Amino acid sequence: MAEWSQMPEDLLEFIARRLDTQFDVLRFRSVCSSWRSSVAPSPSPSRRGQFPILPSDGISDAAREFRLSRRTIFLLGVPRSRDETFACGWLVKVKEDVPRSTNLLNPLSRCPFTSLPEDFPRVLDLMNLRVLELGHEYVLQDMGYRPFGNDGHLHMKKVVFLCLDSGNDFALLTIHVSGQLAMFKSGEKRWSIIQDMPSPYDDVILFKGEFYAVDGTGRTVVVGLDLGVTLIAQSNWGGGKKFLVESVGELLLVNMYLRFRRERTVRFKVYKLDREKKEWNEVKDLGDRVLFLGDDCTFSASAADLRTCKGNRIFIADNREVERALRSPGIGVYDMKSGIIGPLEDDEGCSRLFWPPPDWIASRTSEVQNQLETLVV
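Residues numbered from 1 in each chain as written. Predicted model: local features only at pLDDT ≥ 70, side-chain atom pairs only at ≥ 80, totals over all residues. Heavy atoms only, no water.

Trainee: Run through the nonpolar core, naming residues and quoting values.
Mentor: Counting 21 residues, the largest nonpolar core has Leu91, Leu108, Phe292, Phe299, Leu306, Phe315 and Phe354 as its most contacted members. When residues of this core are traced back to their parent elements, those giving at least two are strand 2 (65-77), strand 18 (289-293), strand 19 (298-302) and helix 5 (303-306). Once you skip the residues sitting within four places of it in the chain, Phe315 turns out to touch Leu108, Val290, Leu291, Phe292, Leu293, Cys309, Ile331, Gly332, Val333, Leu344, Cys350 and Phe354. Core analysis: the next-biggest nonpolar cluster, separate from the first, contains 17 residues, Met256, Leu293, Ile316 and Ile341 among them. (Core = buried A, V, L, I, M, F, W, Y, C linked by side-chain atoms within 4.5 Å. Buried < 20%, exposed > 50% of the residue type's maximum accessible area, 1.4 Å probe, protein only. Helix = DSSP H or I, 4+ residues; strand = E, 2+ residues; numbered from the N terminus. Contact = heavy atoms within 4.5 Å.)

Dropping the structure here:
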């Protein structure tokens with residue numbers, strides 16, 4: 001069809017229902033007035049990034065209030081149809097806690113970028129860039145009492161979010177300081193501790209619309225909104241810290257463990273869930289995929305999209321085990337083929353994904369500004 005604005009309304013609605021992210025919705029609605037009117041911005045709080053203040057009922061005897069915030073991890077790049085000299089993408093986490101205010105964070109931690117270059121633009125024209133939304137994370141912050149650190153983060157390992165059918169209600173699943181799972185449902189306005197805990201839980205994730213949790217033995221369960229727990233995979237007893245990651249529609253388990261030979265080092269094993277057999281099957285090679293294990297979320301990407309980084313690798317946020325293995329703080333990069341972990345700075349192609357911002361960020365913005373000035377003249 002030659003005229004995009006005259007596409008049938010039922011076809012536009014069909015396409016709109018399959019848009020996975022809020023950014024896709026925004027781009028869809030910006031094409032023209034008819035496309036904009038065919039789909040309204042979702043009222044879902046998860047897409048607006050605006051949440052009510054949460055109480056502590058059910059998890060704390062003290063009367064405390066918590067703020068829930070959402071951050072989004074993006075991979076930014078210049079479209080491949082443009083100048084190929086701008087090949088490097090940029091991974092960035094965007095925090096939008098305050099309306100009309102945006103903070104840029106390290107994609108694997110809670111640390112903000114505090115020293116942006118002088119020529120870094122105050123406004124990014126995302127319509128003129130290639131944008132991939134790689135994941136979301138949700139963080140609970142104590143609004144008053146701060147017993148667990150100056151940043152005010154509640155001592156919960158991770159928070160995952162599920163938007164319920166109504167669009168306005170939601171549920172949260174997190175790991176309490178006790179190692180137990182805790183669920184919050186906005187309709188009930190209170191937390192519930194889930195008593196199932198043969199072993200303390202290590203990680204939680206939202207996968208295909210369901211809450212999954214894994215404990216320190218590898219035992220994996222699905223947690224229902226009725227607080228019921230269904231066993232999905234038996235314990236595998238391997239490794240130490242466990243991470244759950246979604247990659248190309250599959251649920252992966254990453255085992256991080258320490259090895260002591262000539263020196264202390266960190267190793268990883270990856271498994272793919274076989275739900276029918278209720279077991280984790282080891283994956284020897286990730287192929288084109290790259291896994292990212294952050295403080296508050298995990299995500300994956302294609303090496304072809306990253307452009308300057310090879311596949312079959314795992315990025316791990318700075319933690320005590322990684323710091324000891326690298327003998328310095330910082331992000332670790334693990335090569336699945338060689339079994340070697342090294343600091344991010346040792347791999348130029350990978351480090352360019354994080355810092356500093358690529359030159360094209362400023363140059364593309366200047367190009368757009370010049371085009372606008374030419375149109376005005």
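Trainee: Talk me through unusual backbone geometry; I want residue IDs and the actual numbers.
Mentor: Positive phi outside glycine occurs at Leu227, with the angle close to 75 degrees. As for its position among the elements, Leu227 is in the loop between strand 12 (220-223) and strand 13 (229-233). Take Leu227: its relative accessible area is 29%, and that puts it in the partly exposed class. Even without glycine at this site, Lys278 takes up a positive phi of about 55 degrees. You can call Lys278 partly exposed: its relative accessible area is 38%.

Trainee: Can you tell me about a nonpolar patch on the surface, naming the residues and giving the values?
Mentor: A cluster of nonpolar side chains, namely Leu11, Phe14 and Ile15, defines an oily patch on the protein surface of about 220 Å² accessible area. Secondary-structure assignment places Phe14 in helix 1 (residues 9-16). The exposure class assigned to Phe14 is partly exposed, which follows from its relative accessible area of 39%. (Patch = residues over 30% accessible without salt bridge, like charges linked within 9 Å, V, L, I, M, F, W, Y side chains within 5 Å. Areas by Shrake-Rupley, 256 points an atom, 1.4 Å probe, with all protein chains shown as cover. Salt bridge = Lys/Arg side-chain N within 4 Å of Asp/Glu carboxyl O.)

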